[in-house]
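# Analysis of the macromolecular model
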Amino acid sequence: MATECEAWLNSNPVEAADLSDFFVSGDEDNGGTAVSNKNINEINGNWLSSSSNNIHEARLKAKAKRRLRKNSSRDSGRGDSLSDNGEVVRGTAVAPTSPKSKLLDRKSRLGKGRGLPKKGGAGGKGVWGRSGEVYEPEEVDEKDPNYDEAQENCVYETVVPPLDESDFEKTVTPIVQEYFEHGDTNEVLELLAELNLGPMRSEVPSLAVSLALEAKASHRELTSRLLAELCGPVLYRSDMENSFDKLLQELPDLVLDTPGAPQLMGQFIARAVSDQILSKTYIEGYKGRVDCEYTRAALDRAAVLLKMSMGGLRIDNLWGAGGGQRPVTQLVKEMNLLLKEYILSGDSKEAERCLRDLEVPHFHHEFVYEAIVMVLESKGEKTFKMVLQLLKSLSASSIITVDQMRRGYERVYMDIAEINIDVPRAYFILEQFVEKSFSMAIIDVKLRDLCPCRGRKRFVSEGDGGVIKLES
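Residues numbered from 1 in each chain as written. Predicted model: local features only at pLDDT ≥ 70, side-chain atom pairs only at ≥ 80, totals over all residues. Heavy atoms only, no water.

### Examining the packing of helix α7 (residues 203–213) against helix α8 (residues 217–230)
- At their nearest, the axes of α7 and α8 sit 9 Å apart, and the two run at 170° to each other. By the angle between their directions, the pair α7 and α8 is classed as roughly antiparallel. Across the interface between the two elements, Val204, Pro205, Ala208, Val209, Ala212 and Leu213 of α7 pack against His219, Arg220, Thr223, Leu227 and Leu230 of α8.
- Split into classes, the residues belonging to the contact of α7 with α8 amount to 8 nonpolar, 2 polar and 1 charged. (Axes fitted to C-alpha atoms, helices over the stretch in contact; angles between N-to-C directions. Helix = DSSP H or I, 4+ residues; strand = E, 2+ residues; numbered from the N terminus. Parallel < 35°, antiparallel > 145°, perpendicular 65-115°, else oblique. Contact = heavy atoms within 4.5 Å. Nonpolar A, V, L, I, M, F, W, Y, C, P; charged D, E, K, R; others polar.)

### Overview of the confidence of the model for the chain
- Mean pLDDT over the chain stands at 78; residues scoring 70 or higher make up 71%.
- This stretch, residues 16–40, has a pLDDT under 50; its non-local contacts, to residues over four places away or in other chains, come to 15 contacts. (pLDDT = per-residue confidence, 0-100.)

### A look at helix α13 (residues 328–345)
- Under the 1.5 Å per step criterion, the end-to-end length of α13 is 26 Å for 18 residues, consistent within 8% with the ideal 26 Å.
- For α13, the full list of buried residues reads Leu331, Val332, Met335, Leu338, Leu339, Tyr342 and Ile343. Taken end-on, α13 shows its buried residues confined to a sector of 135°, consistent with a single buried face. Exposed side of α13, more than 90 degrees from the buried face: Thr329, Lys333, Glu341, Leu344 and Ser345 are the residues found there.
- At its buried positions, α13 is contacted by α14 (348–357), α15 (364–377) and α16 (381–396).
- Immediately beyond the C-terminal end of α13, within one or two residues, lies glycine 346, with a positive phi of roughly 75°. (Expected span 1.5 Å × (residues − 1). Buried < 20%, exposed > 50% of the residue type's maximum accessible area, 1.4 Å probe, protein only. Arc of directions from axis to C-beta.)

### Description of the pattern of salt bridges
- All chains considered together, the criterion is met by 10 salt bridges.
- With a shortest N-O distance of 3.0 Å, arginine 271 and glutamate 221 are connected by a salt bridge. Of this pair, arginine 271 sits in helix α11 (residues 261–274) while glutamate 221 sits in helix α8, and the two are 50 residues apart along the sequence. No difference in accessibility class separates arginine 271 from glutamate 221, as the two residues are buried.
- Between arginine 353 and aspartate 357 there is a salt bridge; the shortest N-O distance is 2.8 Å. Here arginine 353 pairs with aspartate 357, and both are found in helix α14, just 4 residues apart, close to one helical turn.
- Each member of the salt-bridge network shares a partner with another, and the members are Glu221, Arg225, Arg271 and Asp275. (Salt bridge = Lys/Arg side-chain N within 4 Å of Asp/Glu carboxyl O.)

### Considering the nonpolar core
- With 51 residues, the main nonpolar core has Leu230, Phe244, Leu248, Met265 and Ile269 as its most contacted residues.
- If you list the elements that add at least two residues to this core, you get α5 (165–182), α6 (185–194), α7, α8, α9 (237–249), α10 (251–257), α11 and α12 (293–310).
- The leading source of residues in this core is α11, at 8 residues.
- Excluding its chain neighbours within four sequence positions, the residues that come into contact with leucine 230 are Leu189, Leu192, Val204, Leu235 and Met240.
- Of all hydrophobic cores here, the second largest spans 47 residues; its members include Ala371, Leu376, Leu390 and Tyr427. (Core = buried A, V, L, I, M, F, W, Y, C linked by side-chain atoms within 4.5 Å.)

### Quick word on the side chain of glutamine 404
- Examined against the element boundaries, glutamine 404 turns out to sit in helix α17 (residues 402–422).
- With a relative accessible area of 8%, glutamine 404 lands in the buried category.
- Among the polar contacts listed, one links the side chain of glutamine 404 to the backbone nitrogen of histidine 365, at a separation of 2.9 Å.
- Apart from the residues lying within four places of it in its own chain, the contact partners of glutamine 404 are Pro361, His362, Phe363, His364, His365 and Val368. (Polar contact = N/O pair within 3.5 Å; in protein donor to acceptor, adjacent residues only side chain to side chain.)

### A look at the state of the cysteines
- The final tally for this structure, using the stated rule, is 0 disulfides.
- Lacking any disulfide linkage, cysteine 451 is separated from the closest cysteine sulfur, that of cysteine 453, by 5.7 Å.
- Cysteine 451 gets classed as buried once you look at its relative accessible area, which sits at 12%.
- Cysteine 453 gets classed as exposed once you look at its relative accessible area, which sits at 59%. (Disulfide = S-S within 2.5 Å.)

### Here we look at the packing of aromatic side chains
- Tallied over the full model, the rule gives 4 aromatic pairs.
- When the centroid spacing of 5.5 Å and the interplanar angle of 90° are considered together, the rings of phenylalanine 384 and phenylalanine 433 count as edge-to-face. With phenylalanine 384 in helix α16 and phenylalanine 433 in helix α18 (residues 426–439), the pair connects residues that are 49 residues apart, well separated along the chain. Here phenylalanine 384 matches phenylalanine 433 in class, with each residue buried.
- Sitting above the plane of the tyrosine 286 ring, arginine 289 keeps its charged end 5.1 Å from the centroid.
- Taking NZ or CZ as reference, arginine 411 lies 4.3 Å from the ring centre of tyrosine 369, over its face. (Phe/Tyr/Trp six-rings, centres within 6.5 Å; stacked < 30°, edge-to-face > 60°. Lys NZ or Arg CZ within 6 Å of the ring centre and 35° of its normal.)

### Notes on the packing of α8 against α11
- It is the contact of α8 with α11, at a shortest axis distance of 10 Å, that shows an interaxial angle of 35°. Seen along the crossing, α8 lies across α11 with a hand that is right-handed. Mapping the contact onto sequence places Arg220, Glu221, Thr223, Ser224 and Arg225 in α8 and Leu264, Phe268 and Arg271 in α11. (Left-handed = near helix turned anticlockwise from the far one by under 90°.)

### Overview of α11
- Taking 1.5 Å per residue, 14 residues should reach 20 Å; α11 reaches 20 Å between its end C-alpha atoms and fits that length.
- By the criterion of burial, α11 is predominantly enclosed, with 12 of the 14 residues buried.
- Within α11, the full set of buried residues consists of Ala261, Pro262, Leu264, Met265, Gly266, Gln267, Phe268, Ile269, Ala270, Arg271, Ala272 and Val273.
- Positive backbone phi, approximately 65°, marks glutamine 276, located one or two places after α11.

### A few points about a negative patch on the surface
- A contiguous patch of negative charge, built from Asp141, Glu142, Asp144, Asp148, Glu149 and Glu152, is present on the exposed surface.
- One can find aspartate 148 in the loop between α4 (99–104) and α5. (Patch = residues over 30% accessible without salt bridge, like charges linked within 9 Å, V, L, I, M, F, W, Y side chains within 5 Å. Areas by Shrake-Rupley, 256 points an atom, 1.4 Å probe, with all protein chains shown as cover. Lys, Arg positive; Asp, Glu negative; His and termini not counted. Charge placed at Lys NZ, Arg CZ, Asp CG, Glu CD.)

### A short note on the side chain of glutamate 352
- With respect to the element layout, glutamate 352 can be found in helix α14.
- Salt bridges are absent for the buried glutamate 352, whose nearest opposite-charge side chain, lysine 349, sits at 4.5 Å.
- Among all residues touching glutamate 352, those that are not within four sequence positions of it are Ser393, Leu394, Ser397 and Ile399.

What follows is the structure, given as structure tokens:
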């Protein structure tokens, strides 16, 4: 830029009197000659030779540099230009441009178009097409060089590889253990249907029974229900027979972990025959060809149970439905029977075992409630003392927790008004029972103080002045 300005100034010489950047007044015109003569040999602080040509060139270069600095800083972008006389000509304002602003400009570079989005809104990064647009199946072009006639009739399906012996136990064992918690056979059927069991299909019943042998009675009942549900949708009767054959052969090993495995296996076989997942001739097929004593004990146990079922024994309730799967009314009935048997026998250890076998620790408050109500409805001291001893034993062994004991007493406190209708001395007996319970450390002082007391009422007498006193 500086080179162009110097070339232009050299081709168009300017008078020395016109080189000043300031406006000169009338007084300064008179003295202008003296000033110029005084500073004629000094330009921008540089002493020059007195040659007129050198002075002229130096002044032109200095003026061009000053004009260049002004244009590059203050007047940039205004379109200033120089006239033929060397004067600055102000042009129209031009918006400053930069490479960055051009990159951010989304308008057309050519100045064409209507300002609408590209491809009607169907273009851009991460866009699958216009909203609401439905894609129809594309017709295959047989002239396409990538066209393969063999792919036209292909059917694609999801293939699940069959489980091998190493993966079978890792996959099925968690399913059975979770079933022991929730008891939903439909969920187990769905999970097994998603697996490709293949030749390991007959291993499912044997795995479930072997896990149930080490579990509780309620889990064995759930296992028997599961086997009945699996026969048909997932397993065949032949798979069931092969599974029980394997279990009978493994009884010597199962006895090491579960000493009562032969009797339990006999009960599983009897329940399977009753549920019609094993044929009635299954036990008879082993007659005369059993050498193992454990297998013989299991088959004898199954045969005895099946004969007893003909006399009225319910094999479908063989394990005793334990846990929270039973209805509340059935649990209450069993707890009442347990209390009555205890009053007759006086065996607290047997009562503890029966209560533990019910497997309903969250429902023990009902047992406490029924025991206290039995005391209130009894007429002798025997029931009073035996129930106190039983509650003391259950509390000391932590079979009944403090919370369940408290809830049982509180339920009696709430229903004592209704109990008193049938048992007039209910309040008096309850107060004595609560005091004895506190003295034996069955309950705490807070629960003792919550015991309700019946208010004594009397009617109007002559000395009351006609005022009714409801409480003493």
